[in-house]
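Coordinate analysis (summary)
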Amino acid sequence: MSRRNVTAPELPAQTDRPDLVVVGSGFFGLTIAERCATELDLKVLILERRYHLGGNAYSEFDPETGIEVHKYGTHLFHTSNEKVWDYVNRFTTFTNYQHKVFGKFEGQVYSLPMNLALINSFFGKSHTPDEARALIAEQSSEIDTKDAKNLEEKAISLIGRPLYEAFIKGYTAKQWQTDPTELSADIITRLPVRYNFDNRYFNDKYEGLPTDGYTAWLERMADHPNIEVRLDTDFLDEDVSAEFKGKVPIVYTGPVDEYFDNVEGRLSWRTVDLEVETVDVDDYQGTGVVNANDPDVPFTRVLEFKHLHPERTYLPGKSIVVHEFSRFAEPEDEPYYPINTADDREKLLKYRDLAEKEPMVLFGGRLGTYKYLDMHMAIASALSMYENKLKPHFADGAELKSGGVDA
C-alpha cells in the first residue's frame, strides 16, 4: 500500500517542534505522553488519526438513554499490578463492578468461566468438587495432551469432548472463521475449570470500571499544558511524517507493518463488527455479556452496556444492545487481535530488524508490537518504556536505541 498524500492539518513551525511525538492516543501512547510531560517537563505532541482520543477504549454517552457505549466493544479494567493500579488511580476512581459472563447453548444459559455451576447444569446432576474433577478427568482422558495435533484435540485433552463441543467448538470456529481441527494446538495453553461456584470472570486483585467513564479518564491523562493532541491526523501521510521522522524522537503505536509500508507483507489480524441497536425494553438479557456458543448463530456474543454501571440512572424502558461478529481484518478494517501464525512471526522478526534501524523511533502498544495487550498490560508496558528508555535518554543523555517490536 502506498502512502496517502493528502492535505494535512497545518503543522507547527520548525522552531515550535515538540520534544517528543507520540503516534496514537490509546492507553500506551497516553501513558508515555503523560509521564514525559509531567515528570520530564517535555513538550509532547500526540497525533491521532481518529476523531477522538483513547484508541479502542473510547466510549460515548448515548444522549437518549444516558447509557455509556463502549465504541469498540466492552472494555473491563482489571489488574494485579500494584504499580499500574497506583498509576491509573491518579486519573479516575473505579466502581466495584465485577465482570461475569454467561454462555448460551441450545436454548439454555450457563455461568462462565467453566465452574461447578456450569458442570452441574450441563450434566443435570449435582457434583461435589471431587466428583466434578473425576468426571472431567475421565472425559479428558480420551486424548493425551502431548499427542494433541490441533486445537480440537488439545481442548478435548484438557476438558473432555462434551464441554468442548458445547462451549469451545462453535465459539472458536466463529472467532477464527476456521474449523478447530485446522487450528494449531498452540493457540490454547490451558482451559481452566473452577471446581467451585466462583463465576468472577477475572481473578485479579483489582477490578472495576472508571466511575465517570472511559473518555473522562482518557481526557484527564491528556490534560496537561505540555501535551497537544491533534485528532484526524494520520502520521503516515507523507506531509506529516516528513515533518518529524529523523528530527524528533517518536513513539509509534500504530500497526508496525503499515509503518514500513508492508514491505515484508501484511500481518494478519482479527477484527470485529458491532451492530448497535436501541431496544424498547428496560433489560434485554439481564447481564453485560452473553456468549453465543451455538455454531449456527452468526454472532459471537451480545453486549448490554447498562449492566456495567448499575449504579447509574437510565431512561426507563430503553436499553442498548450490541451484537458482535468476528472475522479476518481487511486492509481498511480496524485491527483488534493478532492472529500470530508462524508466517506472521516470521514477518515480525523482519519488522523488528527494520525497527531497530529506524532512527529515533520506539514501537509500542498492541499494534506496534503485534501482541494482544489488555489495558493494564499496555499501561505497564508503557511505564516500562518510559522508565527504561525515554527517561534515561531525556534526563541523563543516554542513547535512544530504536526498536521495541517484540517477536
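Just so it is clear, the model here is predicted, and its values are computed rather than measured.

Right, let's get into the overall build of the protein. Within the protein one finds 12 helices and 16 strands. A compact globule built from 407 residues should have a C-alpha radius of gyration of about 22 Å, and the protein, at 23 Å, falls within 12% of that. Projected onto the principal axes, the alpha-carbon positions of the protein cover approximately 75 × 55 × 40 Å. A buried classification covers 55% of the 407 residues belonging to the protein. The contacts in the protein between residues at least 6 apart in sequence include a share of 74% that link residues at least 24 apart. As displayed, the protein has an accessible area near 18700 Å², and 47% of this comes from carbon and sulfur atoms. Considering the protein, the positive charge centre built from 45 side chains and the negative charge centre built from 69 side chains are found 4 Å apart.

What follows deals with the side chain of Asn150. For Asn150, the position within the fold is in the loop between α4 (129-140) and α5 (151-159). A distance of 3.1 Å separates a polar side-chain atom of Asn150 from the backbone nitrogen of Glu152. Those residues within four positions of Asn150 in sequence are excluded, and the remaining contacts are Pro180, Thr181, Leu183, Ser184 and Ala185.

Take the pattern of salt bridges next. Counted according to the given criterion, the structure contains 23 salt bridges. Where Glu64 meets Lys318, a salt bridge forms, and the shortest distance between an N and an O atom there is 3.7 Å. In this pair, Glu64 sits in the loop between β3 (59-61) and β4 (68-70) while Lys318 sits in the loop between β13 (301-304) and β14 (319-328), placing the two residues 254 residues apart along the sequence. Note that Lys306 is salt-bridged to Asp282, the shortest N-O span being 3.7 Å.

Before going further, it helps to spend a moment on the packing of helix α1 (residues 27-40) against helix α7 (residues 214-222). Look at α1 against α7: their axes get within 8 Å of each other, and the N-to-C directions meet at 35°. On α7, the residues touching Phe27, Leu30, Thr31 and Glu34 of α1 are Tyr214, Trp217, Leu218, Met221 and Ala222. Residues that form the contact of α1 with α7 fall into these classes: 7 nonpolar, 1 polar and 1 charged.

Looking at helix α3 (residues 116-123), one finds that the buried residues are Leu116, Leu118, Ile119 and Asn120. Buried residues in α3 make contact with β7 (108-112), α4 and α6 (161-176). Looking one or two residues past α3, Gly124 carries a phi angle of roughly 65°, positive in sign.

So, on to the side chain of Glu324. The topology assignment puts Glu324 in strand β14. If near-sequence neighbours (up to four positions away) are discounted, Glu324 is found in contact with Val272, Asp273, Leu274, Phe299, Thr300, Arg301 and Leu303.

The next thing to look at is the UniProt feature "domain: UDP-galactopyranose mutase C-terminal" (unreviewed entry) in the protein. UniProt's feature table lists "domain: UDP-galactopyranose mutase C-terminal" (unreviewed entry) at residues 166-372, given in the numbering used throughout. For residues 166-372, the end-to-end C-alpha separation is 26 Å, with 25% helix and 21% strand making up the annotated structure.

Neither face of strand β2 (residues 44-47) is open: one carries Val44 and Ile46, the other Leu45 and Leu47, and all of them are buried. As defined by bridge partners, strand β1 (residues 20-23) adjoins β2 across 4 bridges and the pair is classed as parallel. The residue of β2 that forms the bridge with Leu20 is Val44. One crossover worth recording links β1 to the parallel β2 by way of α1, and it is right-handed.

We now examine the packing of aromatic side chains. The tally for this structure, following the rule as stated, stands at 28 aromatic pairs. Pairing Trp85 with Phe94 gives two aromatic rings, centres 4.9 Å apart and planes at 35°, and the pair type is tilted. Just as Trp85 is buried, Phe94 falls in that class too. The interplanar angle of 70° and the centroid separation of 4.8 Å between the aromatic rings of Tyr259 and Phe260 together place this pair among those described as edge-to-face.

Turning our eyes to something else, we now look at the sheet that holds strand β10 (residues 250-252). Paired through their backbone hydrogen bonds, the strands of a sheet run either parallel or antiparallel. Ordered by their spatial adjacency, 5 strands build an open sheet running β9-β2-β1-β10-β16, and the pairing between neighbours is parallel. Looking at the sheet topology across the chains shown, the edges are occupied by β9 (227-230) and β16 (361-363). Between one strand and the next, the sheet's axes are offset by a mean angle of 20°, whatever the strand orientation. Lying on the sheet, helix α12 (residues 375-396) is in contact with β1, β10 and β16; it crosses β16 at an angle near 170°.

This paragraph deals with the confidence of the model for the protein. Of the residues in the protein, 96% reach a pLDDT of 70 or more, and the chain-wide mean stands at 93. For residues 1-9, every residue scores under 50 in pLDDT, and the model assigns this stretch 23 contacts once sequence neighbours within four places are set aside.

Omega for the bond connecting Leu112 with Pro113 falls within 30 degrees of zero, at -5°, which places this linkage in the cis form. Among the secondary structure elements, Pro113 is positioned in the loop between β7 and α3. Even without being glycine, Asp41 reaches a positive phi, approximately 60°.

With 16 residues, helix α10 (residues 342-357) should reach 22 Å at 1.5 Å per residue; the first-to-last C-alpha distance of 24 Å fits that figure. Every buried residue belonging to α10 is among Asp344, Lys347, Leu348, Tyr351 and Ala355, and all of these are buried. Take α10 and look down its axis: the buried residues cluster within an arc of 105°, on one side only. Those residues of α10 that are exposed and angled more than 90 degrees off the buried face are Ala342 and Lys357. Where α10 is buried, its residues meet α9 (256-259), β16 and α11 (365-369).

About the cut-offs
Residues numbered from 1 in each chain as written. Predicted model: local features only at pLDDT ≥ 70, side-chain atom pairs only at ≥ 80, totals over all residues. Heavy atoms only, no water. Helix = DSSP H or I, 4+ residues; strand = E, 2+ residues; numbered from the N terminus. Rg over C-alpha atoms; globule rule 2.2 N^0.38 Å. Buried < 20%, exposed > 50% of the residue type's maximum accessible area, 1.4 Å probe, protein only. Contact = heavy atoms within 4.5 Å. Areas by Shrake-Rupley, 256 points an atom, 1.4 Å probe, with all protein chains shown as cover. Lys, Arg positive; Asp, Glu negative; His and termini not counted. Charge placed at Lys NZ, Arg CZ, Asp CG, Glu CD. Polar contact = N/O pair within 3.5 Å; in protein donor to acceptor, adjacent residues only side chain to side chain. Salt bridge = Lys/Arg side-chain N within 4 Å of Asp/Glu carboxyl O. Axes fitted to C-alpha atoms, helices over the stretch in contact; angles between N-to-C directions. Nonpolar A, V, L, I, M, F, W, Y, C, P; charged D, E, K, R; others polar. UniProt positions renumbered as here; feature names shortened; annotations may be inferred. Pairing = 2+ DSSP bridges. Right-handed = clockwise from strand over helix to strand, strands pointing away. Phe/Tyr/Trp six-rings, centres within 6.5 Å; stacked < 30°, edge-to-face > 60°. pLDDT = per-residue confidence, 0-100. Expected span 1.5 Å × (residues − 1). Arc of directions from axis to C-beta.

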